[in-house]
Amino acid sequence: MKGRYRIEDCLFCKIINGEIPSDKVYEDEEILAFNDINPAAPVHVLVIPKKHIINVNDLKNEDEALIGRIFAKIPQIAEIKGIKEAGYRVITNCGKDSGQEVMHLHFHIIGGKVLGDKIVG
Ligand code: 5GP
Ligand code: ZN
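Residues numbered from 1 in each chain as written. Chains lettered and ligands numbered in written order. Predicted model: local features only at pLDDT ≥ 70, side-chain atom pairs only at ≥ 80, totals over all residues. Heavy atoms only, no water.

A. Inspection of the site of ligand 1 at higher detail. Neighbouring residues of ligand 1: 17 residues in total, closest D36, N93, E101, H106 and H108. N93 places a side-chain nitrogen or oxygen 2.8 Å from an oxygen atom of ligand 1. The contact in question runs from an oxygen atom of ligand 1 to an N or O atom on the backbone of V102, over 3.0 Å. Relative to its unbound accessible surface of 520 Å², ligand 1 loses 84% to contact with the protein. In this structure, ligand 1 is accommodated by the largest pocket. Residue composition of the shell around ligand 1, by class: 7 nonpolar, 8 polar and 2 charged. (Near = heavy atom within 4 Å. Polar contact = N/O pair within 3.5 Å; in protein donor to acceptor, adjacent residues only side chain to side chain. Areas by Shrake-Rupley, 256 points an atom, 1.4 Å probe, with all protein chains shown as cover. 1 Å grid on protein atoms, 1.4 Å probe; cavity = no way out; pocket = protein on both sides within 12 Å on 5 of 7 lines; lining within 4 Å. Sits in = over half its atoms within 2 Å of the grid points. Nonpolar A, V, L, I, M, F, W, Y, C, P; charged D, E, K, R; others polar.)

B. Structural detail: the environment of K84. Its place among the elements puts K84 in the loop between α2 (64–80) and β4 (88–91). Along the primary structure K84 and I74 are separated by 10 residues, whereas in three dimensions their C-alpha atoms are 9.3 Å apart. Residues in contact with K84, not counting those within four places in the same chain, are P75, A78 and E79. (Helix = DSSP H or I, 4+ residues; strand = E, 2+ residues; numbered from the N terminus. Contact = heavy atoms within 4.5 Å.)

C. Focus on the nonpolar core. By size, the foremost hydrophobic cluster in this structure holds 18 residues, and its most contacted members are A33, V45, V47, I70, I77 and I109. Elements with a minimum of two residues in this core: β1 (24–27), β2 (31–35), β3 (43–49), α2 and β5 (107–111). For this core, the element with the highest residue contribution is α2, accounting for 6 residues. Discounting chain neighbours no more than four positions away, the residues touching I70 are I31, V47, P49 and F107. C10, C13, I15 and L46 belong to the second largest nonpolar core, which has 9 residues in total. (Core = buried A, V, L, I, M, F, W, Y, C linked by side-chain atoms within 4.5 Å. Buried < 20%, exposed > 50% of the residue type's maximum accessible area, 1.4 Å probe, protein only.)

This is the structure in structure tokens:
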């Protein structure tokens, strides 16, 4: 299976099923949010669907409502972390040129400091 992606090797699926521990911020039946292990800012949370979706290129029509619910949850998670009013950035990487490392859809919530005006490194 060289070069092929295998769901059973997915790091975030292992976090979802508890095989790998995480510092949880929020969880419900279809969404998990946890602190990034290597934070880029004082607040850095990853929000993921429990359904294994690779990235935004892998979204199907049937995922529309799920993505809507994830986005509706993001300000609530920002509030839990105390950065909702100050503001924050939401980023999702997709594919090789973006540097996506984990092939399970995730939204970075980054904040807790003034982030500056650059979103492209
Ligand atoms: P990407 O580059 O794919 O958009 O982001 C992957 C993120 O996952 C990185 O910010 C990285 O620090 C984070 N990450 C990688 N492995 C782990 C882990 O085992 N636990 C947690 N909490 N975050 C991880
Ligand atoms: Zn996965």
